[in-house]
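Analysis of the macromolecular model
In case you want the letters, here they are:
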Amino acid sequence: MTLREVNLEDFRPLSRWKLLALGRQIQDWLRRGFQVTVLGRPQDLAYFSLVNGVPLDDEPAEIHRPVMLQEVLDFLQARPGAVIVDATAGAGGHTEALARTVGPEGRIIALDRDPEMVRLAQKRLRPYPWVQVLHADFARLPEVLQDLGVQEIHGVLFDLGLSSYHLDQAGRGFTFRRPEPLDLRFDPSEGRPASWYLNRAPQPFLEAVFRLYGEEPLARRLARAIVEARERHPLETTDDLNALIDRWVPVHRRARTRARVYQALRILVNRELDRVAEGLAHALNLLSRNGRLVVLSYHSLEDRLAKALKHLEGVEPLTKKPVRPQETEIRRNPRARSAKLRAYRKTGAIDRGEVVLAYLRSFVPHPAGDLDLL
Ligand SMILES: C[S@@+](CC[C@H](N)C(=O)[O-])C[C@H]1O[C@@H](n2cnc3c(N)ncnc32)[C@H](O)[C@@H]1O
């Protein structure tokens, strides 16, 4: 399916006749079978829909823009009738495009670990009854598919990390730009919030977390500062953590340090890399012969796991180097900037799934004493 994206920013200054002409153009594309997305500021989208008499979605127009959508569709090569697993449904952007591609003869099983994202995706995907959106961790893919009686899958997509919804609306501390509780769990019913670790874990453990999962050069200094600060006042909110980082990190390094520390905590509380290793190993095992696996990663620790697949027997890499988003996409969606896409084709049976799993797990670092804290 071919995608067309229209950004109302490119039509400034907006006028009624320009929006009407654009509306006619879009009608024509839709008639010709294109999938069209209209982007823009909420007030401009409202103006566009008013002028053209089309209803606006009742969810915010931009919960999350699917990254490298055309590339994902091209590499997955989903055909009408195909069975596809979207391991990370998120706001359902990739899922919706896949649903249109496979059509009612096909089937999409979409998972997300965050119950809130499942609710959003289910709502968006209601018009496609051949899509099932389930609250599940992709590390549990074998059980999920077994429960559904799915025997054959032709493609699997992993769009790792977090969605724009997490940063903008979840209220669980995924962003350091607003005061929010330091939770950072995708599924708040599982595991412990980040504040629990910050207020209890020994200093060497915190240091290792910041070093291993954030690649933060000031890991030791920060861990020591946290352990001293929590004696006086526990760290409960993003403001508490930001104030501490600001006190101990030179001003020109603060933004990067914040990003690394929050990434490290997110990986820790969600056991993110362990789950990715498990999810990828299961997906390869379960894919049919000639099935395709596409992985979008957003930082080097995730990409290391995606890259490791290229050494496996029975797997053909379709991307020599990771594919990066086009400049035009990055301009429209700056959050796509760090994305790397790797794609694989399964050429033969993966005989020893447990060996593949152990191999991928060997790429996941663990701070000493990790298990004692679980
Ligand atoms: C980048 S977003 C996906 C965005 C989606 N492709 C879209 O177009 O809207 C990643 C999603 O993966 C989910 N996620 C993270 N770890 C997961 C796991 N282990 N199992 C299932 N979902 C997971 C997150 O909750 C998040 O919603």
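Residues numbered from 1 in each chain as written. Predicted model: local features only at pLDDT ≥ 70, side-chain atom pairs only at ≥ 80, totals over all residues. Heavy atoms only, no water.

So, the site of the ligand
As a matter of local geometry, the ligand sits amid 25 residues, with His-94, Asp-112, Asp-137, Phe-138 and Asp-159 nearest to it. Here an oxygen atom of the ligand and a backbone polar atom of Ala-91 are 3.0 Å apart. Backbone polar atom of Arg-113 to a nitrogen atom of the ligand: 3.1 Å apart, as the coordinates give it. Notes on the ligand: free accessible area 610 Å², of which the protein chains cover 99%. (Near = heavy atom within 4 Å. Polar contact = N/O pair within 3.5 Å; in protein donor to acceptor, adjacent residues only side chain to side chain. Areas by Shrake-Rupley, 256 points an atom, 1.4 Å probe, with all protein chains shown as cover.)

Digging into the domain arrangement of the protein chain
As assigned here, the protein chain comprises domain 1 (3-52), domain 2 (69-164 + 273-361) and domain 3 (171-270). Measuring from the centre of the C-alpha atoms in domain 1 to the corresponding centre in domain 3 gives 42 Å. (Domains from an automatic or database assignment.)

Side note on the packing of aromatic side chains
Throughout the structure, instances matching the rule amount to seven aromatic pairs. Plain terms: the ring middles of Tyr-197 and Phe-205 are 6.4 Å apart, the flat faces sit at 10 degrees to each other, and that makes the pair stacked. Grouping residues by exposure puts Tyr-197 and Phe-205 together as buried. One aromatic cluster in this structure is built from Trp-196, Tyr-197 and Phe-205. (Phe/Tyr/Trp six-rings, centres within 6.5 Å; stacked < 30°, edge-to-face > 60°. Buried < 20%, exposed > 50% of the residue type's maximum accessible area, 1.4 Å probe, protein only.)

A word on the nonpolar core
Judged by nonpolar contacts, the single largest core of 78 residues is most densely connected at Phe-158, Phe-210, Leu-241, Leu-280, Leu-293 and Leu-360. Among the nonpolar cores identified, the runner-up in size contains 33 residues, and Ala-89, Ala-97, Ala-110 and Trp-130 belong to it. (Core = buried A, V, L, I, M, F, W, Y, C linked by side-chain atoms within 4.5 Å.)

Side note on the pattern of salt bridges
With the rule as written, the count across this model stands at 24 salt bridges. Here Asp-137 makes a salt bridge to Arg-113, at a shortest N to O gap of 3.2 Å. Of this pair, Asp-137 sits in the loop between β5 (131-135) and α6 (141-148) while Arg-113 sits in the loop between β4 (107-112) and α5 (115-124), and the two are 24 residues apart along the sequence. One exposure class covers both Asp-137 and Arg-113, and it is buried. Where Arg-260 meets Glu-216, a salt bridge forms, and the shortest distance between an N and an O atom there is 3.1 Å. With Arg-260 in helix α12 (residues 254-270) and Glu-216 in the loop between α9 (203-214) and α10 (219-232), this pair connects stretches of sequence that are 44 residues apart. What makes Arg-260 partly exposed here is its relative accessible area of 22%. Several salt bridges share partner residues, and in doing so they unite Arg-113, Asp-137, Glu-190 and Arg-275 into one network. (Salt bridge = Lys/Arg side-chain N within 4 Å of Asp/Glu carboxyl O. Helix = DSSP H or I, 4+ residues; strand = E, 2+ residues; numbered from the N terminus.)

Quick notes on the side chain of Asn-7
With respect to the helices, strands and loops of the structure, Asn-7 is situated in strand β1 (residues 3-7). Not counting the four nearest positions on each side in its chain, Asn-7 is found in contact with Leu-39, Gly-40 and Arg-332. (Contact = heavy atoms within 4.5 Å.)

Some points on the sheet that holds strand β3 (residues 83-86)
On the basis of which strands lie adjacent, the open sheet formed by seven strands has the order β5-β4-β3-β6-β7-β9-β8 and mixed pairing. If you trace the sheet from one side to the other, it starts and ends with β5 and β8 (315-317), each paired once. For this sheet the average axis-to-axis angle between neighbouring strands, irrespective of direction, equals 20 degrees. Relative to β5, β4 is paired through five bridges, and the arrangement is parallel. Among the inter-strand pairings, Asp-112 is bridged to a residue of β5, identified as His-135. The strands that α6 touches are β3, β4, β5 and β6 (153-159); relative to β4, the one it contacts most, it runs at about 140 degrees. Taken strand by strand, helix α14 (residues 300-308) contacts β7 (287-297) and β9 (340-346), and its axis lies near 20 degrees from that of β9. (Pairing = 2+ DSSP bridges. Axes fitted to C-alpha atoms, helices over the stretch in contact; angles between N-to-C directions.)

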